[in-house]
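Listed below, chain by chain, are the residues.
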Amino acid sequence: RLTRVHQAVEAVIVKYSVRKIETRGDCYAMVSGTKWVEGDACESQVSRMVLLARDVARELLQLNKTEIRVGLAVGPISVTYIGTHHLAPTLCAFGTAMNEAASLETGGTPGLVHLSETCARRYVAEQAGQGVRLELPSSIPETVSPTGAVAKSLLLDPASNEFVVP
């Protein structure tokens, strides 16, 4: 069953020119805007991640009746090899953006994309560049992560491309 989930997710990853960094069970860590992958343009990186989340959510809902949680953040990360097996080296990503995205995913709402405030602002700018008018809510709520950190974040319904105010 998990193999079918991985196959479905990885087919969508290729479509949106995103780089998979690590997989832990059913959790994926991915990055965009790195130019490691053909077609990975920085100008559309958040938009492509939102579309990827939308398509994966649809696919897994049909495949397993499973809803996913998604956390998106922008910022620099570091990637290192931690495995020594030459056929399947293990990558590990870390940094503030990874921690923030993981925290947003953990506290996220199934079926919605949880974006950091910076990521949401970038998404709105990318959408405007594509001629799509999207506005941030007048008030951006603060959320508390499982570690106790407080940050502003927004929920986006990828199906309607609208922000959801809880």
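Structure: above.
The structure presented is a predicted model; accordingly, all values stated were derived computationally and were not measured.

Asker: Report on the nonpolar core, specifying residues and quantitative values.
Answerer: Within the largest apolar cluster, 32 residues are counted, with the highest numbers of intra-cluster contacts made by Leu52, Leu72, Leu115, Tyr123 and Phe163. Within the residue set of this core, elements represented by two or more residues are helix H1 (2-15), strand E2 (27-31), helix H2 (45-64), strand E3 (70-72), strand E6 (113-116), helix H4 (117-129) and strand E8 (150-157). The dominant element in this core, judged by the number of residues it contributes, is H2, at eight residues. Leave out the neighbours within four places in its chain, and Phe163 touches Leu115, Ala120, Tyr123, Val124, Leu134, Glu135, Leu136, Pro137, Leu154, Leu155 and Leu156.

Asker: Tell me about the pattern of salt bridges, and name the residues and values.
Answerer: For the structure shown, the criterion picks out seven salt bridges. For Arg121, the salt bridge goes to Glu117, with nearest N and O atoms at 2.9 Å. Placement of both Arg121 and Glu117 in helix H4 is noted, with a separation of four residues, approximately one turn of the helix. Ionic pairing is found between Arg133 and Glu135, a salt bridge with its closest N-O pair at 2.3 Å. Each of the salt bridges in this network shares a partner with another, and the network as a whole consists of Lys15, Arg54 and Asp55.

Asker: Please give an account of the pairing of E2 that cites residues and values.
Answerer: Burial runs high along E2: four of the five residues are buried. For strand E1 (residues 19-24) and E2, the ladder comprises five bridges, and the chain directions are antiparallel. Within the sheet, the bridge partner assigned to Glu22 lies in E2 and is Ala29.

Asker: Requested: an account of unusual backbone geometry, with residues and values cited.
Answerer: Excluding glycine, residues mostly carry a negative phi; peptide bonds, for their part, are mostly trans. Even without being a glycine, Lys65 presents a positive backbone phi close to 55°. Along the chain, Lys65 falls in the loop between H2 and E3. Looking at Lys65, the relative accessible area reads 73%, which means it is exposed. One non-glycine residue with positive phi stands out, namely Asn161, at about 55°. Within the element layout of this structure, Asn161 appears in the loop between E8 and strand E9 (162-164). The class for Asn161 is buried, based on a relative accessible area of 19%.

Asker: Residues and numbers for the environment of Met49, please.
Answerer: Within the secondary structure, Met49 is located in helix H2. Classification of Met49 by relative accessible area gives buried; the value is 11%. Sequence spacing of Met49 and Val18 is 31 residues, and the spatial spacing of their C-alpha atoms is 7.6 Å. Apart from the residues lying within four places of it in its own chain, the contact partners of Met49 are Val18, Met30, Ser32 and Leu72.

The rules behind the values
Residues numbered from 1 in each chain as written. Predicted model: local features only at pLDDT ≥ 70, side-chain atom pairs only at ≥ 80, totals over all residues. Heavy atoms only, no water. Core = buried A, V, L, I, M, F, W, Y, C linked by side-chain atoms within 4.5 Å. Buried < 20%, exposed > 50% of the residue type's maximum accessible area, 1.4 Å probe, protein only. Helix = DSSP H or I, 4+ residues; strand = E, 2+ residues; numbered from the N terminus. Contact = heavy atoms within 4.5 Å. Salt bridge = Lys/Arg side-chain N within 4 Å of Asp/Glu carboxyl O. Pairing = 2+ DSSP bridges.

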